[in-house]
Amino acid sequence: MQVIQSKDSSNQMQDYDLLITDINIASMAQDNLDYGIIKNGSIAIKGDRISWIGSSDEIPKAVYKEKLAMPGKWITPALIDCHTHLVFAGNRAWEFEERIKGKSYSEISLAGGGIISTVLETRKCSKDKLINLAKKRLKSLQSEGVGTIEIKSGYGLDLESEKKMLMVANELDNEQITIKKTFLGAHSLPPEYKGRGDDYIKYICNEMLPEINNAGLIDAVDAFCETIAFSNQQISSLFDKAVSLNLPVKLHADQLSNSGGAELAAEYNALSADHIEYTSNNGVKALANAGCVAVLLPGAFMTINETQKPPINELRKCDVPIAIATDCNPGSSPICSIRFAMTLAANLFQLTPEECLAGVTREAAKALGLENKKGTLEIGKDADIAIWDINHPNELTYWVGFNQLSNLIIKGKVI
Ligand code: NIG
Ligand code: FE
């Protein structure tokens, strides 16, 4: 990584809030091979930003309000979980049992289980109870070094309940965690619209989305493109509306079948196309041309006993950025561990440990449109830093159930 010394035209000594020294750095900066490793490095923080990073031999002369020497430890960017359904009520452990006994995710969904059963629970749950439930899941992610998380709505499916979910997500945002909120009204057809998918999409476009957007509750719009959810045409009209409101889009694409979801996401310059197990080579090319991130959700792949793997080699060949997320939800991915998602991506999809770490830092930031602020340790970026008791960053993908997080710094503050 290029080391830039801070200049001060007044010739006065710069002052910084915090200097961490004698630490090994995995900056994950783009174009820096091998994790962007700087052995025996240092990092300076001013306010909520990284103000200097480099070798401990080149620390700028300055006034540091606080100094921390951490010999032997490693730092990486704080982790980012870029696809979750963290806010929901109830659970679907019974569904898990059914699947273990042989029923498929689609069969359970068509028999009235699946997403709709969580919708019914979430609709009747109070906002305060939803906050308490979500806080516990969030805590689990934070304990593993997560500093940014995306939360989708999609278990309300009416104006009031979708708003409730997004207000819960909003209230979870604080100085210890950055939350990006995504509207997923087109997650499943609610029972009251049975057989009237087009009418439901009109309701979303004409009523729900404009009001939720006016309330400042969302950063992006997502949809579930699948035979058991919404058609490409229905999603196109939703995305047209999102574009008219200047909202970026994302898509649950090609999870259970190839419906041309990746191509659809690319057509709308989506931030990301997620799942993509059934995406064709043409779909991958479309993602590459549109600069769309591929978000892999190995927890869902594992839970629903999927056998079709995402087109990893084609994604690599076409240079599509690959992110990894938990997809935390009560049905297809009851997983509150980003580290487990990394391990699954390596063991199930053969992603390298470096790709896995990039997938929950640099590439995950891109999937949320946050690449200028987060995801790598570079001057000017947010000081969201995870400090680890490890010997090499490949251990973050290797171990399961062993949390080596030593400290977490979010927006410049040790939390
Ligand atoms: O990302 N595929 C659609 N949505 C979720 C599943 C949600 C659920 O089963 O409750 C997913 O896998
Ligand atoms: Fe999802």
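Caption draft 1: Region of interest: the site of ligand 1. Around ligand 1 sit 15 residues, and of these Arg92, Tyr105, Tyr155, Gln255 and Ser332 come closest. The separation between an oxygen atom of ligand 1 and a polar side-chain atom of Tyr155 is 2.6 Å. With respect to ligand 1, the side chain of His252 contributes an N or O atom lying 3.0 Å from an oxygen atom. Cavity membership is defined here by more than half of the atoms lying within 2 Å of grid points; on that basis ligand 1 lies in the largest cavity. Residue composition of the shell around ligand 1, by class: four nonpolar, nine polar and two charged.

Caption draft 2: Summary view of the pattern of salt bridges. Summed over all chains, the structure comprises 23 salt bridges. Its salt-bridge partner being Arg49, residue Asp48 comes within 3.7 Å of it at the nearest N-O pair. Glu95 serves as the salt-bridge partner of Arg99, at 3.4 Å between the closest nitrogen and oxygen. Of this pair, Arg99 and Glu95 both sit in helix H1 (residues 93-100), separated by four residues, roughly a single helical turn. Owing to a relative accessible area of 3%, Arg99 belongs among the buried residues under this scheme. In this structure, a network of salt bridges that share partners links the residues Asp48, Arg49, Lys374, Asp382 and Asp384.

Caption draft 3: Seen up close, the domain arrangement of the protein. Taken domain by domain, the protein comprises domain 1 (2-78 + 377-414) and domain 2 (79-367). On a C-alpha basis, the centroid separation for the pair domain 1 and domain 2 is 31 Å. Across the domain 1/domain 2 interface, buried area totals approximately 1900 Å², and carbon plus sulfur atoms make up 53% of it. If you look at where domain 1 meets domain 2, you find eleven residue pairs in polar contact (both at pLDDT 80 or more). Secondary-structure elements contributing two or more residues to the side of domain 1 that touches domain 2 are strand S5 (74-77), strand S14 (385-388), helix H15 (395-398) and strand S15 (405-410). Taken together, the residues of the side of domain 1 that touches domain 2 break down into 17 nonpolar, seven polar and four charged.

Rules used throughout
- Residues numbered from 1 in each chain as written.
- Chains lettered and ligands numbered in written order.
- Predicted model: local features only at pLDDT ≥ 70, side-chain atom pairs only at ≥ 80, totals over all residues.
- Heavy atoms only, no water.
- Near = heavy atom within 4 Å.
- Polar contact = N/O pair within 3.5 Å; in protein donor to acceptor, adjacent residues only side chain to side chain.
- 1 Å grid on protein atoms, 1.4 Å probe; cavity = no way out; pocket = protein on both sides within 12 Å on 5 of 7 lines; lining within 4 Å.
- Sits in = over half its atoms within 2 Å of the grid points.
- Nonpolar A, V, L, I, M, F, W, Y, C, P; charged D, E, K, R; others polar.
- Salt bridge = Lys/Arg side-chain N within 4 Å of Asp/Glu carboxyl O.
- Helix = DSSP H or I, 4+ residues; strand = E, 2+ residues; numbered from the N terminus.
- Buried < 20%, exposed > 50% of the residue type's maximum accessible area, 1.4 Å probe, protein only.
- Domains from an automatic or database assignment.
- Buried area = accessible area lost by both parts, 1.4 Å probe.

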